[in-house]
Amino acid sequence: MRMLVVDDKAMPRKVLYRAVAEADPTADVVACASATEVLGLPDVASFDVAFLDVDMPGMNGIDLARELKRRNPRINIIFATGYDEYMADAFSLHSSGYLMKPITTASVADELHNLRFPATDAADEGKLVVRCFGNFEVFADGKAVAFGRTKTKELLAFLVDRQGAIVNLHEVEATLWEDSPHSGRTSSSYLRTLVADLRQSLSACGHDNALVKRRGALGVDMNQLSCDYYRYLAGDPLAINAWRGEYMSQYSWAETTKATLLRRAR
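On a predicted model such as this, the values are computed, not experimentally measured, just so you know. (Residues numbered from 1 in each chain as written. Predicted model: local features only at pLDDT ≥ 70, side-chain atom pairs only at ≥ 80, totals over all residues. Heavy atoms only, no water.)

Caption draft 1: Fine view of the nonpolar core. Cys-132, Phe-136, Leu-155, Val-160, Tyr-247 and Met-248 are the most contacted members of the largest nonpolar core, which totals 41 residues. Contributing elements (two or more residues each) for this core: β6 (128-131), β7 (137-140), α6 (150-161), α7 (169-176), α8 (184-204), β11 (217-220), β12 (225-227) and α9 (228-233). Looking at this core, the element that brings in the most residues is α6, giving six residues. Ignoring any residue separated from it by four or fewer positions in sequence, one finds Tyr-247 in contact with Cys-132, Phe-133, Gly-134, Asp-161, Tyr-229, Ala-254, Thr-257, Lys-258 and Leu-261. Residues Val-44, Leu-52, Leu-64 and Phe-79 belong to the second largest nonpolar core, which totals 20 residues. (Core = buried A, V, L, I, M, F, W, Y, C linked by side-chain atoms within 4.5 Å. Buried < 20%, exposed > 50% of the residue type's maximum accessible area, 1.4 Å probe, protein only. Helix = DSSP H or I, 4+ residues; strand = E, 2+ residues; numbered from the N terminus. Contact = heavy atoms within 4.5 Å.)

Caption draft 2: Here's a closer look at the sheet that holds strand β9 (residues 167-168). Strand order in the open sheet made by the three strands is β9-β11-β10, with antiparallel pairing throughout. Two strands bound the open sheet, and with one partner strand each, they are β9 and β10 (211-214). Note that β10 and β11 share four bridges and pair antiparallel. If you follow Lys-213 over to β11, its bridge partner there is Leu-218. (Pairing = 2+ DSSP bridges.)

Caption draft 3: Quick peek at the sheet that holds strand β5 (residues 97-100). With parallel pairing, five strands are arranged side by side in an open sheet as β2-β1-β3-β4-β5. Pairing within the sheet leaves two strands with one partner each, and these edge strands are β2 (28-32) and β5. Strand after strand, the sheet turns through a mean of 20 degrees between neighbouring axes, direction not considered. Examined bridge by bridge, strand β1 (residues 2-6) and strand β3 (residues 49-52) share four bridges and lie parallel to one another. For Leu-4, the partnering residue across the bridge sits in β3 and is Ala-50. Sheet strands in contact with helix α1 (residues 10-23) are β1, β2, β3 and β4 (76-81), and its direction is about 170 degrees off that of β2. Helix α5 (residues 105-112) contacts β1, β3, β4 and β5 of the sheet and is inclined by roughly 175 degrees relative to β5. (Axes fitted to C-alpha atoms, helices over the stretch in contact; angles between N-to-C directions.)

Caption draft 4: Layout of the packing of aromatic side chains. Overall, the coordinates contain eight aromatic pairs when judged by the stated rule. With a centroid separation of 6.4 Å and an interplanar angle of 55 degrees, the aromatic rings of Phe-136 and Tyr-251 are classed as tilted. Here the residue Phe-136 occupies a position in the loop between β6 and β7, and Tyr-251 occupies one in the loop between α10 (237-242) and α11 (255-265), the gap between them amounting to 115 residues. Across this residue pair, the class does not change: Phe-136 and Tyr-251 are buried. Note on Tyr-251 and Trp-253: the rings are 5.4 Å apart at their centroids and 5 degrees apart in plane angle, and the pair reads as stacked. This pair shows no difference in class: Tyr-251 is buried, exactly as Trp-253 is. Aromatic ring contacts, followed pair by pair, group Phe-136, Phe-158, Tyr-251 and Trp-253 into a single cluster. (Phe/Tyr/Trp six-rings, centres within 6.5 Å; stacked < 30°, edge-to-face > 60°.)

Caption draft 5: Inspection of the state of the cysteines at higher detail. Summed over all chains, the structure comprises zero disulfides. Free of any disulfide, Cys-205 has its nearest cysteine sulfur in Cys-227, 15 Å distant. We classify Cys-205 as partly exposed; its relative accessible area is 22%. With no disulfide of its own, Cys-227 has Cys-132 as its nearest cysteine by sulfur position, at a separation of 3.7 Å. (Disulfide = S-S within 2.5 Å.)

Caption draft 6: Fine view of the confidence of the model for the chain. Taken as a whole, the chain shows an average pLDDT of 87; of its residues, 91% reach a score of 70 or greater. When pLDDT is averaged over each element of the chain, α6 comes out on top at 97 and α10 at the bottom at 69. (pLDDT = per-residue confidence, 0-100.)

Caption draft 7: The arrangement of the environment of Ala-234 in detail. Residue position: Ala-234 is located in the loop between α9 and α10. Considering only alpha carbons, one finds Ala-234 and Leu-68, 166 residues apart in sequence, at a separation of 25 Å.

Caption draft 8: Focus on the packing of α6 against α7. With their axes 11 Å apart at the nearest point, α6 and α7 run at an angle of 120 degrees to one another. The pairing of α6 with α7 is recorded here as oblique in orientation. You can see that α6 and α7 cross each other, and the crossing is right-handed. When α6 is examined against α7, the residues Lys-151, Glu-154, Leu-155 and Phe-158 are found in contact with a partner set consisting of Glu-171, Val-172, Thr-175 and Leu-176. Among the residues making up the contact of α6 with α7, the classes are represented as four nonpolar, one polar and three charged. (Parallel < 35°, antiparallel > 145°, perpendicular 65-115°, else oblique. Left-handed = near helix turned anticlockwise from the far one by under 90°. Nonpolar A, V, L, I, M, F, W, Y, C, P; charged D, E, K, R; others polar.)

Caption draft 9: Seen up close, the side chain of Asn-135. In this structure, Asn-135 sits in the loop between β6 and β7. Its relative accessible area of 19% is what places Asn-135 among the buried residues.

What follows is the structure, encoded as structure tokens:
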């Protein structure tokens, strides 16, 4: 489990970090002194839990929580503060907990035993973690997967959106370049480059089996993915609760699926 500790003051941050590390010695704990530092992390969307001070200069803990939940709707927000006046804001954000300082290992442990969104189920360990709610993000072993090209990530997003269906490359091409002036030959050549880059990127993180390649077509093996969208469709209560009306927000073609999800949620 990955956990984030944020407090602008050095001593309280050190105390909170120690309490979190002692409460779960197996966790990967990262400490930051500001929202700017947090949002600059390349893998900020991969954290399972964030312990946030509220009263910080610049972006405060409440606003930082909103941004973290936008990037990862399943992140557990636990406010750690010396003030009780922010409880209403905390509850409106559906936070997992609210700790009053001074923080102790016991109080942290109690919050970790009652998380709103439990960490990934053991059955999903070793799978490629895909988050579709909010922005589309992909993680392997808790780290963001590195793609050689931005469009490669979009290619994978489209295949995930198709729920394991084997998609003809012409359909992929038409979707990814819907607003592009490129000629068919140019985009077809570039698509072959993207496919090669996708295979290399997945192979580099040990998940090449997640991609299914057929002659002139592509798909994903759903059994190799831990995906919030797929769990939502299967009726998983946690995934349903994590849905906040945003789906692959960076891609215009994903609006069709988003509209379907919004109708389903009514």
